[in-house]
Every structure is written in C-alpha cells, then in structure tokens.
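What follows is each chain in one-letter form.
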Amino acid sequence: QVDSAVQPEAADIPAESLREQYEHLQDEVRRHRTAYYQNDAPEVSDAEYDALYRRLEDVEALHPEIVSNDSPTQEVGGEVSTAFAPVTHLARMYSLDDLFSIEELRAWYEKTSASIEAIAPGTAEQGIRWLVEVKIDGLAVNLLYRDGRLVRAATRGDGTTGEDVTHNVMTIQDIPQQLSGSGWPAEMEVRGEIFMPSAHFRAFNEQRVEEGLAPFANPRNSAAGSLRQKDPEETAKRPLSMFVHGLGAHTGLSAESQHETYQLLAEWGLPTSPYTRIVDSLEGSEGILQFIEDNGAQRHGLVHEIDGIVIKVDSFALQRALGHTSRVPRWSAAYKYPPEEVHTRLLDIRVNV
Ligand code: NAD
C-alpha cells in the first residue's frame, strides 16, 4: 500500500524531520518502481503511484534546498535487470511530463506556445502544428536498424542503458527484421511501444487462470512480463504487437516533422498507430480537447489500452529548439485520464486501473 502518512507539505516542519520524510518518500517511489519495472508486478495502481510521485514533486517544489540529484524526479524511471545484457542506447530515451487535469494541460499548452513564440516570433499567429496521439499502455523499446536490418532491440531502462531483448523482439510478427522499400538511413533507432492487444489479453489471462497461473493485473504488465522472458520461445507464444512513436539517433532522414517521419516508417513496413491527429489549437472541433474527449469516450474500444493522450510539437526544428530536461522533452507531455474503478469479470474483485 502507498504510505499515506508521508505528507511533509507543511513549510514549517523541522529540517531533520523533513529530510527523513523526504527520503522515506523517495524510497517508497523507488520500491514501487522496482516492483513495476523489474518484476512486472506492481503493488499499487498507477493512479496511487502517480499520487505518490506527485507528492514527491510537490515537496521538492516547496523545499528546493533538499532536492537530491538522485531523486526519482530527476531520472527516467526504469531499472535494468541483471537477467538481461545491458545495452547503451545511441541517443537517450526520455519519459514524459504528466498532466493530470485540463487546467494543467491548458497551462502546459500556453507555456509551450509562449516558448515557441519566443524562439520563432510569428509562429503562434500562423498556428503551431501539434500532433496528438493516444498514450499506449505498454512498454517502450528501442529498435536499432543498420542498413535496413534489425540488429538490436532494448527496453528503455533508465533512459541511458536498457535491457537487451533482441531475440524476444525478433519473435514479434509486427516488427520487420528487414525494412521494405528504400531510402532508410544507414543507422536508425526507432522507438515504439510494445503492447498486448486488449482482445488477446483477456483470452491470454483466462488461459493462465485455467492453467493455475496468476493472471496479470493489466495488459501493460502482461506485455512487459511477456517481452522480458529469458526464453524467446516463451515470448513467441505471447500475442504482442507494437506501434512506433518516435526516433532516436539516425544518420540523416528526409523528414522534417514527427508526422512525416511516421509516413516514412510506415512505408518501410513499421507499424504506426491509427490513433493520431494533426491539430492547430486546444479548443474547437478539431482541437486537442476534442481528441481527448473522443478517445476518452471510446477508451476501451481501441486495439490496446490507453492511459492518456500524448501531445507533441510536430516540427523537428521546434523540438530541437525546445530541448529536454534530464527526464523529459519540453516539446511533449502526457495528459492522463482520471482513474476509473472497474469490476473485472475474470478476477471478480474491484481494482483501479
Ligand atoms: P509514462 O508512462 O507516464 O510516459 C512515458 C512513456 O510513455 C514513454 O517512455 C513511452 O514509452 C510511452 N508512450 C506511450 N504512448 C506514447 C506515444 N504515443 N508517444 C510517446 N510516448 C508514448 O512515464 P514512465 O516514466 O514510463 O512511467 C511512469 C508511469 O508508469 C506512471 O505514471 C505510472 O502510471 C506507471 N508506474 C506505475 C507504478 C506502479 O506501482 N503502479 C510504478 C511505476 C510506474
């Protein structure tokens, strides 16, 4: 359970006690990260974890003097298990800043638009192009293609070093081992999300129960547990899919924007998401808020589960100009849907998802 006693919000608590509580809060976040990323077996719901993490951020905002460099808020979350060989990504992989309400989204949108206007005056007036996508509830992988051949695949890990899952990824039908067409860069890191399609997840979990095995809590854990098998033959039996959502290092690519890149990747045979839209405003029938509403309404009707919406500045020139923090890009953020309480038929218990 999340330790709700840890609430050092008050500005006037003694320094010693504050530090103790701060460290305790950090330890709690780290413990849940290990359960989630290393063991694929979270002990609390994502919403509970998010609340704990947000509390840590709030304490740090209130007491900047105590922030330590190794705080979970300064790092990309995943850990690298010794069960897999470590792989250093050519370019760092990042997480995303979370926005938990429409007010937070509005503030992020306005702040980012103002930064873009400062970088390139007149852009906001012409209309900034944003790419909105559903946030796939799976796990991130980095695929390295050399001369069109898939040579290595790794999990995100801590963003710098991931776990080598090449042989496991090679068993996933959606992921081409050889790119089709021509014109691909000599070297290219493709980033995407591995997931277990919802329809397959239900059947897969039911079968596990029949076999006397513990069911997975949700499709995300099921995908992570299935990909991170020691034996690739075991992964091959699991119904896994992938959609790409970005690029890492590459030696030249003719695209100048995120959406053009997706078009190229699709031509080369990589699986791209059908759930994306180019928009130029927050409001309106074609705006970001409408995309959030549309996908929220059909949240469980998509091929995979989603836990939010990702908003990206489409232009690569603007992405480069906005840059990154140590943990997240400044040109993208994730709006998270409020948690739902559902009744699972299979487990016959009430769980938060
Ligand atoms: P995140 O999941 O909030 O966002 C970053 C990730 O989103 C990216 O790395 C990428 O893999 C993924 N993503 C999915 N669709 C995408 C798209 N269309 N475009 C770009 N990226 C996309 O951040 P995180 O650091 O990976 O994980 C933190 C989240 O994991 C928490 O918010 C929580 O929900 C969950 N978590 C839960 C527990 C627990 O105990 N329940 C513990 C740790 C983390």
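Criteria and cut-off values
- Residues numbered from 1 in each chain as written.
- Predicted model: local features only at pLDDT ≥ 70, side-chain atom pairs only at ≥ 80, totals over all residues.
- Helix = DSSP H or I, 4+ residues; strand = E, 2+ residues; numbered from the N terminus.
- Contact = placed C-beta atoms within 7 Å.
- Buried ≥ 20, exposed ≤ 12 C-beta atoms within 10 Å, placed from the backbone.
- Pairing = 2+ DSSP bridges.
- Near = placed C-beta within 6 Å.
- Nonpolar A, V, L, I, M, F, W, Y, C, P; charged D, E, K, R; others polar.
- Domains from an automatic or database assignment.
- Axes fitted to C-alpha atoms, helices over the stretch in contact; angles between N-to-C directions.

**Points about the overall build of the protein**
Part 1 of the argument: Secondary structure summary: the protein contains 11 helices and 13 strands in total.
Part 2 of the argument: Seen through its C-alpha atoms, the protein measures out along the principal axes to roughly 65 × 60 × 40 Å.
Part 3 of the argument: Sequence-distant contacts, at least 24 apart, represent 72% of the contacts inside the protein between residues at least 6 apart.

**Details of the pairing of strand 8 (residues 241-250)**
Part 1 of the argument: Judged by how many residues are buried, strand 8 sits mostly within the fold: seven of 10 residues are covered.
Part 2 of the argument: Here strand 7 (residues 187-195) pairs with strand 8 via seven bridges, running antiparallel. Its bridge partner being in strand 8, Glu193 is matched across the sheet by Phe243.

**Overview of the pairing of strand 10 (residues 306-313)**
Part 1 of the argument: Burial analysis of strand 10 places seven of its eight residues in the buried class, the great majority of the element.
Part 2 of the argument: Both strand 3 (residues 130-136) and strand 10 contribute to a ladder of seven bridges, which runs antiparallel. Among the inter-strand pairings, Trp130 is bridged to a residue of strand 10, identified as Val313.
Part 3 of the argument: Direction of pairing for strand 10 relative to strand 11 (residues 332-336): antiparallel, over a ladder of five bridges. Note on strand 11: the bridge partner recorded for Ile309 is Tyr335.

**Focus on the site of the ligand**
Part 1 of the argument: Taken together, 24 residues sit near the ligand, with Tyr36, Pro42, Asp46, Ala140 and His245 positioned nearest.
Part 2 of the argument: The set of elements that each furnish at least two residues to the shell around the ligand consists of helix 1 (15-38), helix 2 (46-62), strand 3 and strand 8.
Part 3 of the argument: Here the element with the most residues in the shell around the ligand is helix 1; it accounts for four residues.
Part 4 of the argument: Taken together, the residues that form the shell around the ligand break down as 10 nonpolar, six polar and eight charged.
Part 5 of the argument: In terms of domain composition, the shell around the ligand takes at least three residues from each of domain 1 (15-74) and domain 2 (86-352).

**A few points about the domain arrangement of the protein**
Part 1 of the argument: As assigned here, the protein comprises domain 1 (15-74) and domain 2 (86-352).
Part 2 of the argument: A separation of 24 Å is found between the C-alpha centroids of domain 1 and domain 2.
Part 3 of the argument: Between domain 1 and domain 2, the residue contacts involve eight residues of the former and 12 residues of the latter.
Part 4 of the argument: A breakdown of the residues in the side of domain 1 that touches domain 2 according to their chemical character gives three nonpolar, two polar and three charged.

**Notes on the sheet that holds strand 7**
Part 1 of the argument: Sheet architecture is open: four strands sit in the order 5-4-7-8, paired in antiparallel fashion. Only two strands of the sheet have a single neighbouring strand rather than two, namely strand 5 (149-155) and strand 8. Averaged over all pairs of adjacent strands, the angle between their axes in this sheet comes to 30 degrees, without regard to strand direction.

**Thoughts on the sheet that holds strand 10**
Sheet strands associate in pairs through backbone hydrogen bonding, adopting either a parallel or an antiparallel arrangement.
Part 1 of the argument: Reading across from one edge, 2-11-10-3-9 is the order of the five strands in this open sheet, with mixed pairing throughout. Every other strand in the sheet has two partners, leaving strand 2 (97-99) and strand 9 (276-279) as the edge strands with one partner each. The average angle at which neighbouring strand axes cross in this sheet is 30 degrees, direction not considered.
Part 2 of the argument: As judged from the three bridges shared by strand 2 and strand 11, these two strands associate in the parallel manner. Within strand 11, the position partnered with Leu99 by the bridge is Tyr335.
Part 3 of the argument: Sitting on the sheet, helix 10 (residues 288-297) is in contact with strand 3, strand 9, strand 10 and strand 11, with an inclination near 160 degrees to strand 10.

**Remarks on helix 7 (residues 219-227)**
Within an α-helix, residues lying three or four positions from one another point in the same direction, as the helix has 3.6 residues per turn.
Part 1 of the argument: Most of helix 7 is tucked away: eight of the nine residues are buried.
Part 2 of the argument: Residues of helix 7 that are buried: Pro219, Arg220, Asn221, Ser222, Ala223, Ala224, Ser226 and Leu227.
Part 3 of the argument: Those residues of helix 7 that are buried are in contact with strand 4 (139-146), helix 5 (166-169), strand 7, helix 6 (198-210) and helix 8 (232-236).

**Things to note about the environment of Leu265**
Part 1 of the argument: Here Leu265 lies in helix 9 (residues 258-267).
Part 2 of the argument: Sequence separation between Leu265 and Trp184 is 81 residues; the distance between their C-alpha atoms is 8.7 Å.
Part 3 of the argument: For Leu265, the residues in contact, after removing those within four places along its chain, are Val190, Val244, Leu270 and Thr272.

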